[in-house]
Structures are given as C-alpha cells and as structure tokens.
Amino acid sequence: MSAQLIDGKALAQEIRNGIGKDVEALVEKTGVRPGLAVVLVGDDPASAVYVRNKKKACDTAGLHVADYALASTTKQEDLLHLITQLNTDPKIHGILVQLPLPSHIDSQEVLNAVSPEKDADGFHPYNIGRLVEGNPLFVPCTPKGVIRMIESTGQAIEGKRAVVLGRSNIVGKPVAMLLMHRHATVTICHSRTKDLPGMCREADILVAAIGKAQFVKGDMVKSGAIVIDVGINRLDDGRLVGDVDFDQVKERAGWLSPVPGGVGPMTIAMLLANTVEAAQRVAQR
Ligand code: NDP
C-alpha cells in the first residue's frame, strides 16, 4: 500500500477526548452541560444503529442526551409540536432529527422547524445560507468531518484542484462550499457529468459521496491525491464498503480514508462538537 491511511476512527477518538474535556470545563465554569435531543421516528434498522452510536458517543463525552423514539405512525403535527418544545428547552442545545423520516412526513418542513441556533446538523436553510456566505453558525457534520480529515494530512487545501462526487444538500454541496472557502478550485460531479473519470484524474483532493459501491477505481485517481470516501454501501455478501475501490486506489493515492472507520466516526464526533459549540454560545450570553 502506498497511500497513507486517514484513520477516521482514531482521529474521531482524539477529537471526542478533547470534547469530553471541553464539556467538563464548561460545566465547571458556567454550570451549562451541553444537551442534544435525538429524535427518531419509525423503526428503520440503519437509523436505529446510527442513533444508538450517536447517543453512546454523547454519553461517553459527558453530554446530556434527551432521547425521543417515536412510532412510525407519528403525525407530522405531533413531531412539529415536539420540536417547538425542544426549541425552547434550556437543557437542549442541539436537536438532531434522524433522517429519513417516514414518507407521510414532510422532512423539509420538519428541518425548517428546528431553531437555527439548535440545528446541530446544520440543515436549516438559515444555516445553509450562512455556510454559503462563508460565515457558518453550524457546519453540517459529515462535511465538517471530511474537512478535518483532509486537514489531518497536513497538506494545504489552498490552490488545489478538488473534485467532489455527488451534489446532495447534506454532503456534496456543503463539502464543495467548504473546500472553495479554503481556496481550492472545486468541481462538483453528478450523474449527468460527462467524462467523470477524466475529471477525477485532475483532482489533488477527491471526495466521493455518491452511494455507489467501489465506484472510484485506481485509474480514476491522480497519483498522490488525497481521497476521502464518504460512501456507505452494503455488498450482497454483507460487507460494508465505500464509494472507492480501496484495494485499487490505495496503490495510487497519497492519502486514503477507509470504510468503515473513516468518515462515519468523524460525522459523530462533529455532531458532538456542534452541540458543545452551541452550548458555549449560550453560556457566553
Ligand atoms: P444522495 O443519494 O442524496 O446523492 C447522491 C449523489 O451522487 C447525487 O448527487 C447523484 O447525482 C450522485 N450520483 C449517483 N450516482 C452517480 C454516478 N453513477 N455518477 C456520478 N454521480 C452519481 O446521497 P448522499 O449525499 O446522502 O450520500 C452519499 C453517500 O454517502 C451514501 O453512500 C451515504 O450512505 C453516504 N453517507 C455517509 C455518511 C457518513 O457519515 N459516513 C453521512 C451521509 C451520507 P444526481 O444529483 O445527478 O442524481
């Protein structure tokens, strides 16, 4: 293997240890313990695992967690009512509504109902606007984690060619925006992009977030590039893989993040970081 591994699990652990210390310092100084409300609607097994991992990480770092597991038949108005209550609950500094929501619920309306000051996921249009301006209040967790992983290589982002595969609101677009604000020259590719492999080969920094197992092959990667694999895909044999063909790309890339053990743990660490930052803002008032 020529690429250096970007060990998201180890990096996330280091960040979470620091967050644990920040939490205790905040409690000691101000009496404010950062609190996260986790709202899960329905019984999607993958969502249940994500929520469990997020709650465990909060507990370990000393955050207060308020857990709301609602039936899949929950009415939209009842969910909105809960969010309104959480918006004014002084013990809660971050609100996480686990996606996807059941199809009878308008997800955008629910996300819009979360107070922008408690929007730990950074999905509220106000926070998206601030991100685009380059003056973010909350940076969405996965994109924030991706940037921390790139920064962990010690390589400059400024002036680099960056290619982001995927243009979703929760990953592709915010990652591209964050890279642009760090002065990379950014190309966003999607399902209608012509000559996507050619675009990828120009990238000094390549971020893959398309949800297609092992899509990025070795011959699509510039020698020495930083490659961040956001994808999470389950193969027929049960294995979890990313959007990058790890075995091929590790022979070309300079740095490469694995799946599992890459972006996933960083996303959780950034959720904790966002909640603690929100609590610090409240305590400063
Ligand atoms: P979406 O399905 O919302 O978006 C996928 C994007 O990829 C779209 O922009 C789509 O293009 C593009 N795309 C799909 N197929 C191709 C293709 N063959 N060639 C080029 N572009 C393509 O996904 P998300 O952004 O929500 O998630 C992406 C991946 O990241 C998933 O595997 C998801 O599980 C994972 N993920 C991981 C997280 C973590 O914490 N590790 C967090 C969030 C997501 P178009 O717009 O044209 O349709």
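Since the model is a prediction, treat every value here as computed from it, not as a measurement. (Residues numbered from 1 in each chain as written. Predicted model: local features only at pLDDT ≥ 70, side-chain atom pairs only at ≥ 80, totals over all residues. Heavy atoms only, no water.)

*Asks:* Where do I start with the pairing of strand E2 (residues 35-41) in this structure?
*Replies:* Two faces belong to every sheet, and in a regular strand the side chains alternate between them. Burial analysis of E2 places 7 of its 7 residues in the buried class, which makes it a mostly covered element. Residues Gly-35, Ala-37, Val-39 and Val-41 point to one face of E2 and Leu-36, Val-38 and Leu-40 to the other, with burial holding for every one of them. Here E2 pairs with strand E3 (residues 64-70) via 7 bridges, running parallel. Looking at the pairing, Leu-36 lines up with Val-65 of E3. With respect to chirality, the unit in which E2 leads through helix H2 (residues 45-61) into the neighbouring parallel E3 is right-handed. (Buried < 20%, exposed > 50% of the residue type's maximum accessible area, 1.4 Å probe, protein only. Helix = DSSP H or I, 4+ residues; strand = E, 2+ residues; numbered from the N terminus. Pairing = 2+ DSSP bridges. Right-handed = clockwise from strand over helix to strand, strands pointing away.)

*Asks:* Before we go on, may I ask you to explain the domain arrangement of the protein chain in this structure?
*Replies:* A common way to state how big an interface is: give the accessible area lost once the parts meet. The domain architecture assigned to the protein chain consists of domain 1 (30-116) and domain 2 (141-264). The straight-line distance from the C-alpha centre of domain 1 to that of domain 2 is 29 Å. (Domains from an automatic or database assignment.)

*Asks:* Just checking my understanding: could you explain the pairing of strand E8 (residues 226-229) for this structure?
*Replies:* The two faces of E8 match: Ile-226 and Ile-228 on one face and Val-227 and Asp-229 on the other face are all buried. Both strand E7 (residues 205-208) and E8 contribute to a ladder of 4 bridges, which runs parallel. Counted as the bridge partner of Leu-206 is Val-227 from E8.

*Asks:* What should I look at first to understand the side chain of Ser-257 in this one?
*Replies:* Tracing the sequence through the fold places Ser-257 in the loop between strand E11 (255-256) and helix H10 (263-284). When its relative accessible area of 1% is taken as the criterion, Ser-257 is described as buried. When sequence neighbours within four positions are dropped, the list of residues in contact with Ser-257 reads Ile-6, Met-149, Val-227, Ile-228, Asp-229, Phe-246 and Val-263. (Contact = heavy atoms within 4.5 Å.)

*Asks:* Please explain the site of the ligand as it appears in this structure.
*Replies:* Taken together, 21 residues surround the ligand, and among them Arg-167, Ser-168, Ser-191, Ile-232 and Thr-267 come closest. Contacts to the ligand include Ser-191, whose side-chain N or O atom sits 2.5 Å from an oxygen atom. Here Ile-232 contributes a backbone N or O atom positioned 3.0 Å from an oxygen atom of the ligand. Contact with the protein chains removes 70% of the 930 Å² of surface that the ligand exposes when unbound. For the shell around the ligand, the element with the highest residue contribution is H10, accounting for 3 residues. Classifying every residue of the shell around the ligand by side-chain character gives 9 nonpolar, 10 polar and 2 charged. (Near = heavy atom within 4 Å. Polar contact = N/O pair within 3.5 Å; in protein donor to acceptor, adjacent residues only side chain to side chain. Areas by Shrake-Rupley, 256 points an atom, 1.4 Å probe, with all protein chains shown as cover. Nonpolar A, V, L, I, M, F, W, Y, C, P; charged D, E, K, R; others polar.)

*Asks:* How should I be thinking about helix H3 (residues 76-87) in this particular structure?
*Replies:* Because the α-helix completes a turn every 3.6 residues, residues three or four places apart line up on one side. Here H3 spans 16 Å end to end across 12 residues, near enough to the 16 Å set by a 1.5 Å rise per residue. Three or more residues of H3 are buried, namely Gln-76, Leu-79, Leu-80, Leu-82, Ile-83 and Leu-86. All buried residues of H3 lie within an arc of 155° about the axis, which places them on one face of the element. The elements touched by buried residues of H3 are E2, E3, strand E4 (94-97) and helix H4 (107-113). (Expected span 1.5 Å × (residues − 1). Arc of directions from axis to C-beta.)

*Asks:* Would you mind showing me how to read the UniProt feature "domain: Tetrahydrofolate dehydrogenase/cyclohydrolase catalytic" (unreviewed entry) in the protein chain here?
*Replies:* As recorded in UniProt, the sites labelled "domain: Tetrahydrofolate dehydrogenase/cyclohydrolase catalytic" (unreviewed entry) are residues 6-121. Helix makes up 51% of residues 6-121 and strand 16%, with an end-to-end C-alpha separation of 23 Å. (UniProt positions renumbered as here; feature names shortened; annotations may be inferred.)

*Asks:* Sorry, what's going on with the sheet that holds strand E6 (residues 185-189) here?
*Replies:* Neighbouring strands of a sheet are bound in pairs by backbone hydrogen bonds; such pairs are parallel or else antiparallel. Here we have 6 strands laid out as an open sheet, ordered E1-E11-E8-E7-E5-E6, and parallel in their pairing. Bordering the open sheet on either side are strand E1 (4-5) and E6, each of which pairs with just one other strand. In the packing of helix H6 (residues 141-151) onto the sheet, the strands contacted are E7 and E8, and the crossing angle to E8 comes to about 150°. Contacting strand E5 (161-165), E6 and E7, helix H7 (residues 172-181) crosses the sheet at an angle of about 170° to E5. (Axes fitted to C-alpha atoms, helices over the stretch in contact; angles between N-to-C directions.)

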